[in-house]
Amino acid sequence: MATETPQAQKNAQHKLVGFTDAAMTAVTGEMVSSIAETGVKMVEMADDLLQPETLSLLKALPEVAENLERTLMEVKRMEETGVLKSLIQLADMAAAIKGAMTGPMVTDMVEKAIKGVELADTFVQLGAIDLVEGMVTAFHNAQEDTRGKAPMSSMQMMKAVTQKDTREGLTLMLTFLQNLPKELNK
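Residues numbered from 1 in each chain as written. Predicted model: local features only at pLDDT ≥ 70, side-chain atom pairs only at ≥ 80, totals over all residues. Heavy atoms only, no water.

### Regarding the overall build of the protein chain
Stated precisely, the cut-off is as follows: Working definition: helices are DSSP H or I runs of at least four residues, strands are E runs of at least two. Numbering for both runs from the N terminus. Here the globule rule reads 2.2 Å times residues to the power 0.38, and the radius of gyration is calculated from C-alpha atoms. For every residue, the accessible area obtained with a 1.4 Å probe (protein chains only) is divided by the maximum for its type, and the residue is called buried under 20%, exposed over 50%, and partly exposed between those limits. The protein chains shown are the only cover counted for residues, whose accessible areas, like all others here, come from Shrake-Rupley with a 1.4 Å probe. None of His or the chain ends enter the tally, which takes Lys and Arg as positive and Asp and Glu as negative. Working definition for charges: the position is that of NZ of Lys, CZ of Arg, CG of Asp or CD of Glu.
Helices and strands together make up the secondary structure of the protein chain, namely 8 helices and 0 strands. Reading the helices (α) and strands (β) of the protein chain from amino to carboxyl end gives α-α-α-α-α-α-α-α. Here the C-alpha radius of gyration of the protein chain, 44 Å, is well above what a compact globule of 186 residues would show, namely 16 Å. Judged by the C-alpha coordinates and their principal axes, the protein chain covers about 140 × 45 × 30 Å. Buried residues in the protein chain amount to 2% of all 186 residues. About 17,100 Å² of surface is accessible on the protein chain, with carbon and sulfur atoms providing 67% of the total. Taking the average location of the 18 positive side-chain charges in the protein chain and that of its 26 negative ones, the two points are 11 Å from each other.

### Here's the deal with the layout of surface pockets
Gaps left between atoms are located by rolling a probe of water-molecule size over the structure's atoms. Defined as follows: Lining residues are defined by having an atom within 4 Å of a point belonging to a cavity or pocket. Those points lie on a 1 Å grid over the protein atoms alone, cavities being sets where a 1.4 Å probe fits but cannot get out and pockets being open sets with protein on both sides within 12 Å along at least five of seven lines. Grid points are joined across faces, edges and corners, and a volume is the space filled by probe spheres set on the points. Ten residues, namely Ala, Val, Leu, Ile, Met, Phe, Trp, Tyr, Cys and Pro, are considered nonpolar, four, namely Asp, Glu, Lys and Arg, are considered charged, and the remaining ones, Gly among them, are considered polar.
Taken as a whole, the largest pocket holds about 530 Å³ of empty space. A142, D145, T146, M152 and T166 are, among the 14 residues lining the largest pocket, the residues nearest its centre. When residues of the lining of the largest pocket are traced back to their parent elements, those giving at least two are helix 6 (128-146) and helix 8 (164-184). No other element matches helix 8, which puts 6 residues into the lining of the largest pocket. When its residues are assigned to classes, the lining of the largest pocket shows 7 nonpolar, 4 polar and 3 charged. Here the second largest pocket is characterised by a volume of approximately 430 Å³. Only helix 5 (103-125), helix 6 and helix 8 provide two or more residues apiece to the lining of the second largest pocket. Residues belonging to the lining of the second largest pocket are distributed by class as follows: 10 nonpolar, 2 polar and no charged.

### A few points about the environment of V161
Tracing the backbone shows V161 in helix 7 (residues 154-161). Overall, the relative accessible area of 37% leaves V161 in the partly exposed class. Sequence-wise, V161 and E30 are 131 residues apart; in three dimensions their C-alpha atoms are separated by 111 Å.

### Considerations on the packing of helix 3 (residues 52-81) against helix 4 (residues 83-100)
Heads up, the condition is: The convention used is that axes are lines fitted to C-alpha atoms, helices contributing only their stretch in contact, and that angles between N-to-C directions extend from 0 to 180 degrees. For classification purposes, an angle smaller than 35 degrees is called roughly parallel, one larger than 145 roughly antiparallel, one from 65 to 115 roughly perpendicular, and anything else oblique. Here a residue-residue contact requires only that any non-hydrogen atoms of the pair lie within 4.5 Å.
Orientation of helix 3 relative to helix 4, taken along the N-to-C sense of each, is 85 degrees, at an axis distance of 4 Å. Relative to helix 4, helix 3 is oriented roughly perpendicular. Across from V75, M78, E79 and T81 in helix 3, the residues of helix 4 making contact are V83, L84 and L87.

### A closer look at the environment of F123
Along the chain, F123 falls in helix 5. Apart from residues no more than four positions distant in its own chain, F123 is found in contact with A128 and I129.

### What to know about the confidence of the model for the protein chain
Selection rule: Values of pLDDT, ranging from 0 to 100, describe the predictor's confidence in every residue of the model.
Averaged over the protein chain, the pLDDT score is 85; the fraction of residues at 70 or greater is 98%. Here helix 1 (residues 6-26) is the element of the protein chain with the lowest mean pLDDT, 79, and helix 8 is the one with the highest, 91.

### Notes on the pattern of salt bridges
Heads up, the rule is: Every case where a carboxyl oxygen of Asp or Glu lies within 4 Å of a side-chain nitrogen of Lys or Arg is listed as a salt bridge.
Tallied over the full model, the rule gives 6 salt bridges. A salt bridge links E66 to R70; the shortest N-O distance between them is 3.1 Å. Here E66 and its partner R70 are both found in helix 3, 4 residues apart, which amounts to about one turn of the helix. For R70, a relative accessible area of 46% corresponds to the partly exposed category. Taking the shortest distance from any N to any O, the salt bridge between E74 and R77 comes out at 2.4 Å. Remark: R77 and E74 occur in helix 3; sequence separation between them is 3 residues, near one turn of the helix.

### Regarding a nonpolar patch on the surface
As a reminder of what qualifies: A residue counts toward a patch only above 30% relative accessible area and without a salt bridge, and it is joined to like-charged neighbours within 9 Å or, for Val, Leu, Ile, Met, Phe, Trp and Tyr, to nonpolar neighbours within 5 Å.
On the surface, a cluster of nonpolar side chains totalling about 700 Å² of accessible area is made up of L49, L50, L55, L58, L61, V64, L68 and L72. Residue contributions to the nonpolar patch peak at 6 residues, all from helix 3. Counting through the fold element by element, L61 comes out in helix 3. Looking at L61, the relative accessible area reads 38%, which means it is partly exposed.

### A look at the environment of A60
With respect to the element layout, A60 can be found in helix 3. With a relative accessible area of 29%, A60 lands in the partly exposed category. Each C-alpha atom, one on A60 and one on V110, is 44 Å from the other, the two residues being 50 residues apart in sequence.

Following this line, the structure appears as structure tokens:
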């Protein structure tokens, strides 16, 4: 390794001083302000990046990169097919509905929902599920029994009325029809 002579060092220092003097005379006040502004922005940016939340996010990024990439691809596909636009429109509509709803409207809707639940509970308590299943089965059987057959004649209907099962069914239907107006006019 060669050592520099004192003369070579003086020449290098002289060149450095000349360069520094030239640089100082070329710098304007605006340049200094611009450099200072840029420096401040860089410090602020570094401060933002050095927040604990940002650092933990940066540390977690390699672990979730694959999931993030899949998610972004799915969002891109949704955008290309128009699904994303539809979802945004749906969200806007829901927000508009929510904004238009008043307290009394919400109360009225909740009251109706409660009445609906109470009615459904009453149906279940009265055995409505079994009744409906029985009625559907009876109707299906009646369809099967009458398929391809001619309608009953008046004499056949009169004879059917004398049968116990038919009289029980007619009694139930007539009693239902008698009680219906009372219940509907409450």
